[in-house]
Amino acid sequence: MNAELVEIETIARRAGAAIMEVYSRAETLAVQYKEDDSPLTEADQRANAVIAAALDKLAPRLPVLSEESARPGWETRRRWRRYWLVDPLDGTKEFVKRNGEFTVNIAQVNGGFAELGVVHVPVSGVSYLGEIGRGAFRREAGAAPVPIKCRPILRSGAESAPRPLKVVASRSHLDAHLRPVVERLESEFGAVELVNLGSSLKFCLIAEGRADVYPRLAPTSEWDTAAAHAVLAAAGGEVCDTRFKPLRYNQKDGLLNPNFVAMGDLLQDWPAILAGVLPDA
């Protein structure tokens, strides 16, 4: 891993420590609601302050786009080539539910592509790190990083026995379009196991070879996906829209992602497998 990736993980861990100070001291958490009805807590704000201050000290100094900071307009952002894209607390609903399934996400975007990312899990102390061309890693607190990669899908007739296809889905945003997708996957691969999980952990499960595909057919924002997208791509997977074009960032005024599919085994013909069951929106 290069020094920049290590530094970003350090920043993410410091933000995670700020989150855990709030998480550990309160049995009930004070929640505000933003204009889009998404929750905001003291932990979001404290983590954002830690990350913003630390990124400001890095050289070269890059623009920062964070969910919890003032957002520059499109006329400013369209001139950015390389910048930081941050979600200081991804999975605030999971944080409020106290189920541990929330993360700190920091990505570096270059030319529209998420090329470097760190996803840190404050409750477990685990970090997922990835950089395109340099690989992906999982690091336990205090331990050396361990390389991770996506797993191949084993079908009937393979040298090894087939295993259930693991499909990850959002715990807080189960979408109505998912059932036809799951049925199609069952017809293609046989047994399917559905795993519900919060935050960007869904991508990381695929990146470390513990799941296979994540169809997301409900709204997300660019800061929700970029860091984990970089980790998954560095591990050999990809995140594509429903036309199977890789997701790109900072390409328009709005910051919502299209519907997408995160995939591990890219040797599968996913466009043919999922033809006709993925909504375009």
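Details of the structure are given in the entry above.
This is a predicted model, so every value here is computed, not measured.

Conventions adopted
- Residues numbered from 1 in each chain as written.
- Predicted model: local features only at pLDDT ≥ 70, side-chain atom pairs only at ≥ 80, totals over all residues.
- Heavy atoms only, no water.
- Salt bridge = Lys/Arg side-chain N within 4 Å of Asp/Glu carboxyl O.
- Phe/Tyr/Trp six-rings, centres within 6.5 Å; stacked < 30°, edge-to-face > 60°.
- Helix = DSSP H or I, 4+ residues; strand = E, 2+ residues; numbered from the N terminus.
- Buried < 20%, exposed > 50% of the residue type's maximum accessible area, 1.4 Å probe, protein only.
- 1 Å grid on protein atoms, 1.4 Å probe; cavity = no way out; pocket = protein on both sides within 12 Å on 5 of 7 lines; lining within 4 Å.
- Points joined across faces, edges and corners; volume = space filled by probe spheres on them.
- Nonpolar A, V, L, I, M, F, W, Y, C, P; charged D, E, K, R; others polar.
- Pairing = 2+ DSSP bridges.
- Axes fitted to C-alpha atoms, helices over the stretch in contact; angles between N-to-C directions.
- Contact = heavy atoms within 4.5 Å.

### What about the pattern of salt bridges?
Next, step 1: Here the structure, examined in full by the defined rule, presents 13 salt bridges.
Next, step 2: Between aspartate 56 and arginine 61 there is a salt bridge, with its nearest N and O atoms 2.5 Å apart.
Next, step 3: When salt bridges with common partners are traced through the structure, they connect Arg138, Glu140, Glu208 and Arg210 into a single cluster.

### A few points about the packing of aromatic side chains
Next, step 1: In total, this model carries eight aromatic pairs according to the counting rule given.
Next, step 2: Residues tyrosine 23 and phenylalanine 95 carry aromatic rings whose centres are separated by 5.3 Å and whose planes lie at 40 degrees to one another, so their mutual orientation is tilted. In this pair, tyrosine 23 is assigned in helix α1 (residues 3–25) and phenylalanine 95 in helix α4 (residues 92–97), connecting sequence segments 72 residues apart. One exposure class covers both tyrosine 23 and phenylalanine 95, and it is buried.
Next, step 3: Among the aromatic residues, those joined into a ring-pair cluster are Tyr23, Phe95 and Phe102.

### Notes on the layout of surface pockets
Next, step 1: Considering only enclosed or pocket space, the second largest pocket measures out at about 170 Å³ in volume.
Next, step 2: Where the lining of the second largest pocket is concerned, the elements lending two or more residues are β7 (126–131) and α6 (201–207).
Next, step 3: Split into classes, the residues belonging to the lining of the second largest pocket amount to eight nonpolar, two polar and three charged.

### Some points on the sheet that holds strand β3 (residues 64–66)
Next, step 1: Spatial strand order, β3-β4-β5-β6-β7-β8-β9: seven strands in an open sheet with mixed pairing. The strands lining the two open edges of the sheet, one partner per strand, are β3 and β9 (146–148). For this sheet the average axis-to-axis angle between neighbouring strands, irrespective of direction, equals 20 degrees.
Next, step 2: Bridge count between strand β4 (residues 82–90) and strand β5 (residues 103–110): seven bridges; the pairing is antiparallel. Counterpart to aspartate 90 in the pairing with β5 is threonine 103.
Next, step 3: The strands touched by helix α2 (residues 42–56) within the sheet are β3, β4 and β5, with β4 carrying the most contacts at an inclination of about 155 degrees.
Next, step 4: Across the sheet, helix α7 (residues 222–234) touches β3, β4, β5, β6 (113–121), β7 and β8 (135–139), and the angle it forms with β6 is around 100 degrees.

Purely geometric stuff here, so don't read any function into it on its own.
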